[in-house]
Amino acid sequence: MPATGRAIPAGRAMTPRTVAVLGATGCVGGSVSAALAEAGNRVVGVARRQPSGPHHGLDAFTSLDITTVDPGVLAKVLSAFDVKAVVNATGGWLDDEDAYERHHVHLVANLLTALRRMPSPPRLVQVGSIHEYGPVAAGTAISETTPPRPTTTYARTKLAGSEAVLRAAEIPGIVLRCVNVCGPGTPPASFLGSVVERLADTRPVRVTVAPGRRDYLDVRDLADAVVRASAASATGVVNIGSGTARSIPELLDLLLEAAGLPSSAIETTRGAVQSKGGDWTLADIRRAATELQWRPRITLADSMRAMWARAREVAV
């Protein structure tokens, strides 16, 4: 089946539900909001800053910092909108250890306290990371039974937040441990996002390439998984990825092809691994297929084309 560039929902809701998306103005949160709306849900966006422009899929928006807001206030806001599910799409690559602690650990604790104060706690979808498992041997397909042994601050704090969700037995929750994402809106803080931003401004772009291989997924495929998880009964951990490990040179070649640029537009040198999660990632996604009826649909070539097109739109 050809990729459509849109989330493919598990089925439109018979009765519209209201779903709150935390981090709705980010790359993942924005894609999730659009996919939820397409599936027939009402979507309430929550983020620290107002959207800078039109934000597709949002029926309402409220500006809140979940790391500092009083849990009682948050509970009242979610209750006022009659929220039936919450998606935590906050966090990401941050500046320092304190920031990781605030946004990956304290934020989740604050959110769980708020959900406990609601008369009927909504379902919680925590967007986690494959890096929570820590480094694994090359060739290993990371399953949900792989013991987490994170070694970086990013991975340790993401795991702490996910484990808090898993311990909250009174809140129906699921953790989606996703691989690195690409596609439209990929932030400059990521490797591919940084290359795209620089490639749009100047050439040649010089990058250091490590010898590892990683699993990359289009953000719209992740959004599709979130839509399904928000309406499913599955709990625990579900890995979300493409199921294929690609080298960085392969990804860069696809990006150059998408941009219609020659290979000379990117100059590469070999270097040590700088990844925040390890030099090898490959997600075992069989549980996602059985529990969520989900599989990736957007090819990396299509993802790179969409990522480049969005970057050009922003640059104009």
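Each remark here, short or long, concerns the structure printed above.
Residues numbered from 1 in each chain as written. Predicted model: local features only at pLDDT ≥ 70, side-chain atom pairs only at ≥ 80, totals over all residues. Heavy atoms only, no water.

**Here's the deal with the overall build of the protein chain**
Alright, step 1. Summing up its helical and strand segments, the protein chain has 9 helices and 12 strands in all.
Alright, step 2. Relative to the compact-globule value of 20 Å for 316 residues, the protein chain shows a C-alpha radius of gyration of 19 Å, a close match.
Alright, step 3. Overall, the C-alpha framework of the protein chain stretches about 60 × 40 × 40 Å when taken along its three principal axes.
Alright, step 4. Residues classed as buried in the protein chain amount to 52% of the 316 residues present.
Alright, step 5. Within the protein chain, counting contacts between residues at least 6 apart in sequence, those at least 24 apart form 78% of the total.
Alright, step 6. For the protein chain, the computed accessible surface area is about 13,900 Å², with 50% contributed by carbon and sulfur atoms. (Helix = DSSP H or I, 4+ residues; strand = E, 2+ residues; numbered from the N terminus. Rg over C-alpha atoms; globule rule 2.2 N^0.38 Å. Buried < 20%, exposed > 50% of the residue type's maximum accessible area, 1.4 Å probe, protein only. Contact = heavy atoms within 4.5 Å. Areas by Shrake-Rupley, 256 points an atom, 1.4 Å probe, with all protein chains shown as cover.)

**What about unusual backbone geometry?**
Alright, step 1. Phi at Asp 82 takes a positive value of approximately 55°, unusual for a residue other than glycine.
Alright, step 2. Relative to the helices and strands, Asp 82 resides in the loop between α2 (71-80) and β4 (83-88).
Alright, step 3. The partly exposed category is assigned to Asp 82, whose relative accessible area is 41%.
Alright, step 4. Positive phi, normally seen in glycine, also occurs at Gln 293, with a value near 50°.
Alright, step 5. If you trace the backbone, Gln 293 turns up in the loop between α8 (286-292) and α9 (300-315).

**What about the environment of Asp 70?**
Alright, step 1. Counting through the fold element by element, Asp 70 comes out in the loop between β3 (60-63) and α2.
Alright, step 2. In the structure, Asp 70 is positioned 43 residues away from Thr 113 in sequence and 9.5 Å away in space, judged by C-alpha atoms.
Alright, step 3. At a separation of 2.7 Å, a polar atom in the side chain of Asp 70 contacts the main-chain amide nitrogen of Gly 72. (Polar contact = N/O pair within 3.5 Å; in protein donor to acceptor, adjacent residues only side chain to side chain.)

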